Amino acid sequence: MAIYGLATTIPEIPMPKVLITGCSSGFGLETAKLFLERGWKVVATMRNPNNDLLPASDNLTVLPLDVTDPASISRAIQQAGDIDVLVNNAGFGAAVPIELIEPETARQLFETNMLGTLATVQAVLPKFRARRSGTIINVTSTATLKPLPLVSVYRASKAAVNALTESLAVEMEPFGIRVHIVLPGRSPETSFRHNAMPHLRGLDNPDYKPLIEGMIANSREDRGPVTHAIDVAEAVWQAATDPNAPLRIPAGEDAVQRMAEAEAIASALDH
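Given the structure is predicted, the values throughout are model-derived calculations rather than measurements. (Residues numbered from 1 in each chain as written. Predicted model: local features only at pLDDT ≥ 70, side-chain atom pairs only at ≥ 80, totals over all residues. Heavy atoms only, no water.)

**Q** Can you help me understand the overall build of the protein in this one?
**A** A tally of helices and strands in the protein yields 8 helices and 9 strands. The C-alpha radius of gyration computed for the protein amounts to 20 Å, which stays within 12% of the reference 18 Å derived for 271 residues, consistent with globular compactness. Classification of the 271 residues of the protein by burial places 43% in the buried group. Counted over contacts in the protein with a minimum sequence separation of 6, partners at least 24 positions apart contribute 67%. For the protein, the accessible area works out to roughly 14,300 Å², and carbon and sulfur atoms hold 53% of it. (Helix = DSSP H or I, 4+ residues; strand = E, 2+ residues; numbered from the N terminus. Rg over C-alpha atoms; globule rule 2.2 N^0.38 Å. Buried < 20%, exposed > 50% of the residue type's maximum accessible area, 1.4 Å probe, protein only. Contact = heavy atoms within 4.5 Å. Areas by Shrake-Rupley, 256 points an atom, 1.4 Å probe, with all protein chains shown as cover.)

Structure follows, in structure tokens:
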């Protein structure tokens, strides 16, 4: 277009970029696909990168990232360049009675789920704060909303992320940085149960065996309200793109129900 004989160009608006941890399967993989489909640049990270998991795209970068390794985090953040949104999705679960959980398993749960989240947040905050913009989305679990047996330390690690995120939101508000928690429900279609099985203890204990067998049967059951990976991807999308999104966003029909129940109980206690 020319105005008064002068050639003018309309500056291109850069596509926003999201970095997502734990993209090898489940929620992270589905979230990466959704953001790609909707035109974002996506940095999909995983401990063991596999370029075949996602559709080929000029907007896709696949990077190695182990959230328990500070050097790995530093390299990935540097290679990713400037990002607009960080999604902390990497994590794992373990279903073990409190009496029987191995100390090493408990440490791994906190190192991955909580300390890994903290480390990635710390890695991106300096740039976010300097430019007074950015969004951090931490994926936790509605298991944190009510007492559940066998997932106590997993619940504790995710509840710690909830508390961390709530305080982070207050700290970041003056700097224009948005912070959100996405809380999925039970999702039989993901690899959560498969990844948790190596840490299982107690089937040889007559007191705990019935409880554990019931939990295993329930985890395989996909009837009734459950959370699908696309539910989590859509909740993350809402957090990333809606400036008025709430701090806590349930993901999945069962998650919505569980959060409503938790809020009703909290309201009753307040009165």
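**Q** I'm lost on the packing of aromatic side chains in this one. Help?
**A** To describe a pair of aromatic rings, you give the distance between the ring centres and the angle between the ring planes. Tallied over the entire structure, the rule returns 3 aromatic pairs. On the numbers, 5.0 Å between centres and 85° between planes, the contact of phenylalanine 35 with tryptophan 40 is edge-to-face. Exposure remark for phenylalanine 35: the relative accessible area of 0% places this residue in the buried category. Aromatic side chains phenylalanine 35 and tryptophan 237 sit 5.0 Å apart centroid to centroid with 65° between the ring planes, which places their arrangement in the edge-to-face category. Of this pair, phenylalanine 35 sits in helix H1 (residues 26-37) while tryptophan 237 sits in helix H7 (residues 229-241), and the two are 202 residues apart along the sequence. For tryptophan 237, a relative accessible area of 18% corresponds to the buried category. (Phe/Tyr/Trp six-rings, centres within 6.5 Å; stacked < 30°, edge-to-face > 60°.)

**Q** Sorry if this is basic, but what is going on with the sheet that holds strand E5 (residues 60-64) here?
**A** Two modes of strand pairing occur in sheets, parallel and antiparallel, and in both the strands are linked by backbone hydrogen bonds. Overall, parallel pairing links the 7 strands, which are arranged E5-E4-E3-E6-E7-E8-E9 in an open sheet. With partners counted over all chains shown, the strands left at the sheet margins are E5 and strand E9 (248-251), one partner each. The average undirected angle you get between the axes of adjacent strands in this sheet is 20°. Bridging between strand E3 (residues 17-20) and strand E4 (residues 41-46) involves 4 bridges; their strand directions are parallel. In the strand pairing of E4, isoleucine 20 is matched with alanine 44. The strands that helix H2 (residues 70-80) touches are E3, E4 and E5; relative to E5, the one it contacts most, it runs at about 160°. (Pairing = 2+ DSSP bridges. Axes fitted to C-alpha atoms, helices over the stretch in contact; angles between N-to-C directions.)

**Q** When you look at the pattern of salt bridges in this model, what are you seeing that I'm missing?
**A** Pairing between side chains of opposite charge can happen when the charged atoms of each approach one another. Within the structure shown, the criterion is met by 7 salt bridges. Residue arginine 38 pairs with glutamate 234 through a salt bridge whose shortest N-O separation is 2.8 Å. Of this pair, arginine 38 sits in the loop between H1 and E4 while glutamate 234 sits in helix H7, and the two are 196 residues apart along the sequence. Overall, arginine 38 belongs to the partly exposed group, its relative accessible area being 36%. (Salt bridge = Lys/Arg side-chain N within 4 Å of Asp/Glu carboxyl O.)

**Q** What is the right way to read the nonpolar core from this model?
**A** Nonpolar side chains in soluble globular proteins tend to be buried together. One finds Val18, Phe35, Val42, Val87, Ile137, Val182 and Val236 to be the most contacted residues of the largest nonpolar core, which totals 32 residues. Those elements giving two or more residues to this core turn out to be E3, H1, E4, E5, strand E6 (85-88), strand E7 (135-139), H7 and E9. Broken down by element, this core gets its largest block of residues, 8 residues, from H7. Residues within four places of valine 236 in sequence aside, it is in contact with Thr31, Phe35, Val87, Ile137, Val139 and Val182. Counting 22 residues, the second-largest nonpolar core is a separate cluster that includes Ile73, Ala76, Ile77 and Phe128. (Core = buried A, V, L, I, M, F, W, Y, C linked by side-chain atoms within 4.5 Å.)

**Q** What's the story with the environment of histidine 180 in this structure? I'm lost.
**A** Tracing the backbone shows histidine 180 in strand E8 (residues 178-184). The exposure class of histidine 180 is buried, given its relative accessible area of 3%. Discounting residues that sit within four places of it in the chain, histidine 180 has contacts with Thr135, Ile136, Ile137, Asn138, Thr165, Ala239, Ala245, Pro246 and Leu247. A distance of 2.8 Å separates the side chain of histidine 180 from the backbone oxygen of proline 246, its partner in a polar contact. (Polar contact = N/O pair within 3.5 Å; in protein donor to acceptor, adjacent residues only side chain to side chain.)

**Q** How should I be thinking about the environment of asparagine 48 in this particular structure?
**A** Here asparagine 48 lies in the loop between E4 and E5. When the C-alpha atoms of asparagine 48 and aspartate 66 are compared, they prove to be 8.7 Å apart, with 18 residues separating the residues in sequence.

**Q** Would you mind showing me how to read unusual backbone geometry here?
**A** Leaving glycine aside, a negative phi is the common case for residues, and trans is the common case for peptide bonds. Positive phi, close to 60°, is recorded for arginine 132, a residue that is not glycine. For arginine 132, the location among the structural elements is in the loop between helix H3 (103-131) and E7. At leucine 150, a position not held by glycine, the phi torsion is positive, near 75°. With respect to the element layout, leucine 150 can be found in the loop between E7 and helix H4 (152-172). On the accessibility criterion, leucine 150 (6% relative accessible area) is buried.

**Q** Whenever I open this one, the side chain of threonine 140 confuses me. Can you help?
**A** Here threonine 140 lies in the loop between E7 and H4. Accessibility expressed as a relative area gives 4% for threonine 140, which makes it buried. Beyond its immediate chain neighbours, meaning those up to four positions away, threonine 140 contacts Tyr154, Lys158, Val161, Asn162, Ile181, Val182, Leu183 and Pro184.

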